[in-house]
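# Structural overview for review
Below, each chain spelled out in residue letters.
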Amino acid sequence: MSRNKDFIAKSHARSKEYGITSRQSTSNKMLDEKAFDALIKSKQELVAVAEPFVNQLYSFVKDSQFLVILTDENGCILNVIGNEEMLQKAHSTYLLPGAYMGEEYIGTNGMGTSIVEGHPLQITGKEHILEILQGWTCSGAPIRDPDGKITGCIDLTGDMNLVNSHTLGMVAAAATAIEKMLSLKRQSDMIEADNIYIDGIINSLPSAIFTTDLYGRIRHFNDFSYGMLGYTKEEFYKLDCS
């Protein structure tokens with residue numbers, strides 16, 4: 001076995017320790033509707049941030065019979081997109097929202113194994129433990145939050161005859177893009193929180209306080225400013241202080 005496939009042997013060993021067998025036909029953990037809805041709410045940020053990248057990735061492969069799958073950090077499938085034929089195949093192998101793809105539930109696979117290993121990887125054919133999954137090739141890449149903790153996984157799954165190293169590069173790039181957007185969103189949220197805090201402070205002071213840009217255009221002001229100076233809020237905002 002080549003060095004870059006050593007993770008397959010390690011994953012198979014872990015899967016056997018979990019009691020996963022080749023004859024198993026479904027994941028050992030599936031969420032009901034209520035539990036799945038609660039999970040989606042808790043992962044709302046990941047789902048929202050990842051959505052445009054999931055859709056873009058699918059636009060690249062929709063003519064190549066691939067599914068795009070998003071999971072949480074435990075391998076629970078949050079979303080699956082694909083054409084009708086591929087979604088039917090996914091249904092027949094229980095690749096469904098609410099199904100857990102962690103190694104402890106379904107053995108070696110592109111999603112669960114990439115989460116454990118912590119890097120993008122590809123699982124094809126009989127590299128899967130379960131026979132029901134051996135018709136697939138799966139390229140998965142973990143997604144990390146701004147703290148470096150794995151928060152999900154993005155995966156491309158298709159017929160094993162379509163195995164290609166390019167799909168691995170595509171999911172790795174998508175994961176990186178999602179991570180950057182999660183980081184930017186956190187920064188934006190922090191700035192917004194700071195602005196709310198600052199607004200609260202200046203609005204508590206019974207004085208006219210306002211700021212302008214370099215061109216004398218008013219950008220921020222407290223609630224006392226315009227009234228004390230005899231303007232409406234709309235008039236004050238349009239003032240030119242240059």
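Residues numbered from 1 in each chain as written. Predicted model: local features only at pLDDT ≥ 70, side-chain atom pairs only at ≥ 80, totals over all residues. Heavy atoms only, no water.

## Things to note about the overall build of the chain
Looking only at helices and strands, the chain has 9 helices and 7 strands in total. Dimensions of the chain along its principal axes, counting C-alpha atoms only, are 80 × 35 × 35 Å. Expressed as a percentage of the 242 residues in the chain, the buried residues total 40%. Nonlocal contacts in the chain, meaning residues at least 24 apart in sequence, comprise 56% of its contacts between residues at least 6 apart. As displayed, the chain offers around 13300 Å² of accessible surface, 54% of which is attributable to carbon and sulfur atoms. Both charge centroids of the chain, one from 22 positive and one from 31 negative side chains, sit 5 Å from each other. (Helix = DSSP H or I, 4+ residues; strand = E, 2+ residues; numbered from the N terminus. Buried < 20%, exposed > 50% of the residue type's maximum accessible area, 1.4 Å probe, protein only. Contact = heavy atoms within 4.5 Å. Areas by Shrake-Rupley, 256 points an atom, 1.4 Å probe, with all protein chains shown as cover. Lys, Arg positive; Asp, Glu negative; His and termini not counted. Charge placed at Lys NZ, Arg CZ, Asp CG, Glu CD.)

## What to know about the pattern of salt bridges
Counting across every chain of the model gives 8 salt bridges. The salt bridge partner of Glu45 is Lys185, with a shortest N-O separation of 3.4 Å. Taken as a pair, Glu45 in helix 3 (residues 44-61) and Lys185 in helix 7 (residues 165-203) lie far apart in primary sequence, 140 residues in all. Exposure remark for Glu45: the relative accessible area of 41% places this residue in the partly exposed category. Connected through salt bridges with shared partners, the residues Lys10, Arg14, Glu103 and Glu117 form a single ionic network. (Salt bridge = Lys/Arg side-chain N within 4 Å of Asp/Glu carboxyl O.)

## Some thoughts on the environment of Met190
Assignment of secondary structure puts Met190 in helix 7. The spatial distance from the C-alpha of Met190 to the C-alpha of Ala90 is 40 Å, given a sequence separation of 100 residues.

## Digging into the nonpolar core
Nonpolar side chains tend toward joint burial in soluble globular proteins. Ranked by size, the top nonpolar core spans 26 residues in total, and within it Leu57, Val68, Ile143, Ile154, Leu156 and Ile178 carry the most contacts. Secondary structure elements with two or more residues in this core: helix 3, strand 1 (66-72), strand 2 (77-81), strand 4 (136-144), strand 5 (150-159) and helix 7. Among the elements that take part in this core, helix 3 stands out by supplying 8 residues, more than any other. Those residues in contact with Ile178 that lie beyond four places of it in its chain are Leu46, Val49, Ala50, Phe53, Ile143 and Ile154. Listed in part, the 20 residues of the second largest apolar core include Leu67, Ala90, Met111 and Ile150. (Core = buried A, V, L, I, M, F, W, Y, C linked by side-chain atoms within 4.5 Å.)

## As for the pairing of strand 1
The two faces of a sheet get side chains in turn, since along a regular strand they alternate between them. Summarising burial for strand 1: 7 of the 7 residues are buried, a large majority. Judged by which residues are buried, strand 1 turns out to be covered on both faces: Phe66, Val68, Leu70 and Asp72 on one side and Leu67, Ile69 and Thr71 on the other are all buried. Bridge analysis of strand 1 against strand 5 gives 7 bridges, and the strand direction is antiparallel. Counted as the bridge partner of Phe66 is Gly158 from strand 5. Pairing of strand 1 with strand 2 involves 4 bridges; the strand directions are antiparallel. Across the sheet, residue Val68 finds its bridge partner in strand 2, namely Ile81. Counting the residues that bridge the hairpin from strand 1 to strand 2 gives 4 residues, and of these Gly75 lies at a positive phi of roughly 85°. (Pairing = 2+ DSSP bridges.)

## A few points about the sheet that holds strand 3 (residues 121-124)
A sheet is described by the order of its strands in space; here 5 strands give the open sequence 2-1-5-4-3, paired in antiparallel fashion. At either margin of the open sheet sits one strand with a lone partner, and together these are strand 2 and strand 3. Neighbour-to-neighbour, the strand axes of the sheet open up by a mean angle of 20°, direction not taken into account. As paired strands, strand 3 and strand 4 are joined by 4 bridges and run antiparallel to one another. Considered in strand 4, the bridge of Gln122 is made with Ser139. Running over the sheet, helix 4 (residues 84-92) touches strand 1, strand 2, strand 4 and strand 5 and is turned about 50° from strand 1. (Axes fitted to C-alpha atoms, helices over the stretch in contact; angles between N-to-C directions.)

## Observations concerning the environment of Asn74
Within the element layout of this structure, Asn74 appears in the loop between strand 1 and strand 2. By relative accessible area, Asn74 is classed as partly exposed at 41%. Taking the C-alpha atoms as reference points, Asn74 and Leu87, separated by 13 residues in sequence, lie 22 Å from one another. In this structure, Asn74 is in contact with Tyr100, Gly102 and Ile115, ignoring residues within four places of it in sequence.

Everything listed here is a matter of coordinates, which is why it stays silent on function.
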